[in-house]
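Architecture and fold: a report
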Amino acid sequence: MSATVLFRRGRVIDPRNGVDGVRDVLVQDGKVAQVSDAPLAVPAGAEVVEADGKWVLPGFIDLHVHLREPGEEGKETVLTGCRAAVAGGFTAVVAMPNTKVVNDSGLVTELVLSRARAANLCHVYPAGAITKGLKGEELAETGELISSGCVAITDDGKPVMNAALMRRALQYATLFGVPVMVHEEDLTLSAGGAMHEGPTSTRLGLRGIPASAEVAMVARDLVLLEETKGRLHIAHVSCEGSVRLIREAKRRGLFVTAEVTPHHLILDDRAVGDYDTHAKMAPPLRADRDVEALREAIVDGTIDAIATDHAPHGVLDKQVEFEKGINGIVGLETALGLTMELVHAGRLDAKRAVELLSHGPAKAFGLPGGHLAPGAPADITVVDPSEEWTVDAHRFYSRSRNTPFHGRKQKGRVVQTWVSGRKVYADGQVKESR
Amino acid sequence: MRHLLGIEGWRRDELEAVLDRARAHLPGGPDATHTLRGKVVANLFFEDSTRTRTSFHMAARGLGAGVLNWSPSGSSTSKGETLLDTARNIEATGPVAIVMRHRSSGAPHLVAKHVRCAVINAGDGTHEHPSQALLDAFTLRQRWGGLDGRTVLIVGDILHSRVARSNLWCLKALGARVVVCGPPTLMPPGLEALGAEVTHNLDAALPQADAVMCLRLQLERMGEAFLPSTKEYSRLFGLTAAREERMKAGALVMHPGPINRGLELAPSVADGERSVILEQVSNGVAVRRAILEVCTS
């Protein structure tokens, strides 16, 4: 357990508790002890963080991360993923179950948790599979997964195409009160597609994935949600039609939450350029009007969280023909900088940006943290909003380098990350303590 | 040294320079210059080809180059070698140009980023077939003198056609109006943004065209039901003898081949007076000589 820490005179932005102003934050025994707008005395032996000009924020929580362990440790491990997380300001991550072996049993959940304990950097919350082996045929043992430590169930990477099975998954998960997280893609509509269907796919001669491949599944699952009274979390929303349906469902009081990735907020399908596989992902980068709709949806509350869908892949997965390239990019270490682009552009106020990275995800999944009231876990991210830097993929803590943002100039950088009152990232270095 | 990865991005004067140069390579023109004597051109054809491969072979030989003919059967690709490794290994043998056909759109772009010799796209997936577009334009220029103000109607499976995309850019750059026609299921979105006029009514579009370019129905790329039947396609979009009669006087019929006779084009039309299909093939060699010269000079 950590010592006493005083964060002095930083701009504390804590959306859940309505705080946005210069404050002192005192941390003791791994928890927030006091937040004060008057200067606090430095307790004996306390470490002081001079946070003048910095933002002192609730630690970021990423609902959507692929840690690749077990099975693809060459791309990422729980340890390297946690390093990347804290370097990106994340104090908690939800680990997707599409590992090799799939996390569809308590045994795999426990393995991931034991690796996370050994890494001892940030909180890792596993998500279990909806269906055994992600095959979309039979429900996995949800009860066992939850009792072993899973916080949600998802077949992420694949949709549950069988509507009856999806209906049962939503019904059954109500026993445990966990969200069913869904990757929305009608495989009959996306079949053979390599990027968003539009003028760019036509120009490049690539088979397109129409927006309807996502929107049709969102519509289906909202119908099932209404019937089952379950909890649905829609992963990586990418298009205007989905936003419209989610907004309307929320208005009607359905228990639906949604996330968007920083890259879907920043890039459109033109980023594919001349077959850049670093811009290949599922769902694909969409049209500019979709990007605009997503930006509006994070402002008006339709979208609850920014989540990275951190998807590490090796060079050989990307240095191939576009159609063969594997989907996904790493995201943990670029999320804040990309979100700050919207803040600096006046498209997103700072408080809402912080909410999308902290309280929003905590609330969506019922996770601890995400705010800084006394008694809350001392999971804290310190950001310098004005530091200018350039993304250098070669310096990522992630084991993988697959990003379209290498070389992109950013303004706003994570300077410190604290988990349970312990400094785990500062001065550009991850602080290991194993 | 420059690549020819597609027509997109080439300026009109650059395209015209290639076409002008091709004229010198026509039979009876000034003799071949043997500008590639002692050099090697590598033909990397990952997909089957008769016309294009032969044509590039003839063109390279005509310029005095040796030709390395490579195909995937019996090569290390069957042992799992990646495209890039194959290309780098071929490059290491010293060709001045790699002429490449591949089933994946963008494959030549990938190779071009990693080799130093010129890369010439001989057809990539459903993206571009630039040398075909140049020889088509050459053929039309030969007949008309120039393309300004002319209307070319491209009919058929636009979705899967690399010829359609390259021709669209090429013909537009050279001053022609391009109308594309086909069933909605075989028409990719956003063609208007690329400069085409789109119609699904062949009978209405036909009388306006100075040339009709029929495309092959690429049944091998159609795993799903794009069409109710080939018979219905032929009835709605086939260039039949009856339709030919409604064409403008002097209007030309083109096809990049291979033809599905009786499906997209009636045999009598394919072999008729309007047809310039074999001229396209003959002109291909001259145009490809010019391409090789421009890319390797």
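Read on for an overview of the structure. (Residues numbered from 1 in each chain as written. Chains lettered and ligands numbered in written order. Predicted model: local features only at pLDDT ≥ 70, side-chain atom pairs only at ≥ 80, totals over all residues. Heavy atoms only, no water.)

**Observations regarding the sheet that holds strand β8 (residues 211–214) of chain B**
All names here are of chain B. In plain terms, the rule: Criterion used throughout: strands pair if DSSP finds at least two bridges between them. Helix and strand labels come from DSSP, where a helix needs a run of H or I of at least four residues and a strand needs a run of E of at least two; each type is numbered from the N terminus. The axes are straight lines fitted to the C-alpha atoms, using for helices just the contacting stretch, and the angles between their N-to-C directions are given from 0 to 180°. Contacts: residue pairs with any heavy atoms within 4.5 Å of one another.
Reading across from one edge, β7-β6-β5-β8-β9 is the order of the five strands in this open sheet, with parallel pairing throughout. Of all the strands in the sheet, just β7 (197–199) and β9 (252–254) have a single pairing partner and so form its edges. Pairs of neighbouring strands in the sheet enclose a mean axial angle of 20°, with direction left out of account. One ladder, built from three bridges, connects β8 with β9; its direction is parallel. Of the residues in β9, the one forming a bridge with Ala211 is Leu252. The sheet contacts of helix α6 (residues 162–173) involve β5 (151–155), β6 (177–181) and β8, and relative to β5 the element is tilted by about 170°.

**Some points on the packing of aromatic side chains**
What describes a pair of aromatic rings is the distance from one ring centre to the other and the angle between the planes of the rings. Stated formally: Only centres within 6.5 Å qualify two rings of Phe, Tyr or Trp (six-membered ring in Trp) as a pair; their planes then separate them into stacked at under 30 degrees, edge-to-face at over 60, and tilted for everything else. Per-residue accessibility, obtained with a 1.4 Å probe over protein chains only, is compared with the maximum for each type, and a residue is labelled buried under 20%, exposed over 50%, and partly exposed between these values. Counting as a charge over the ring demands two things of the Lys NZ or Arg CZ atom: a distance within 6 Å of the ring centre and an angle within 35 degrees of the ring normal.
Overall, the coordinates contain six aromatic pairs over all chains when judged by the stated rule. The interplanar angle of 55° and the centroid separation of 4.6 Å between the aromatic rings of Phe46 of chain B and Trp70 of chain B together place this pair among those described as tilted. With Phe46 of chain B in the loop between β1 (40–45) and α2 (51–62) and Trp70 of chain B in strand β2 (residues 66–70), this residue pair connects regions lying 24 residues apart in the sequence. Across the pair, exposure class does not vary: Phe46 of chain B and Trp70 of chain B are buried alike. Its guanidinium or amino end placed over the ring of Phe322 of chain A, Lys280 of chain A lies 5.7 Å from that ring's centre, counting from NZ or CZ. A cation over an aromatic ring shows up here: Arg2 of chain B above the ring of Trp10 of chain B, its NZ or CZ 3.9 Å from the ring centre.

**Quick look at helix α5 (residues 130–144) of chain B**
Residues and elements named next belong to chain B. To be explicit about the condition: Working rule for helices: expected span equals 1.5 Å times residues minus one.
Between its terminal C-alpha atoms α5 stretches 21 Å, which fits the 21 Å expected from 15 residues at 1.5 Å a residue. The buried fraction of α5 is high, at 13 of 15 residues. In the segment just after α5, Gly145 is the residue with positive phi, at about 90°.

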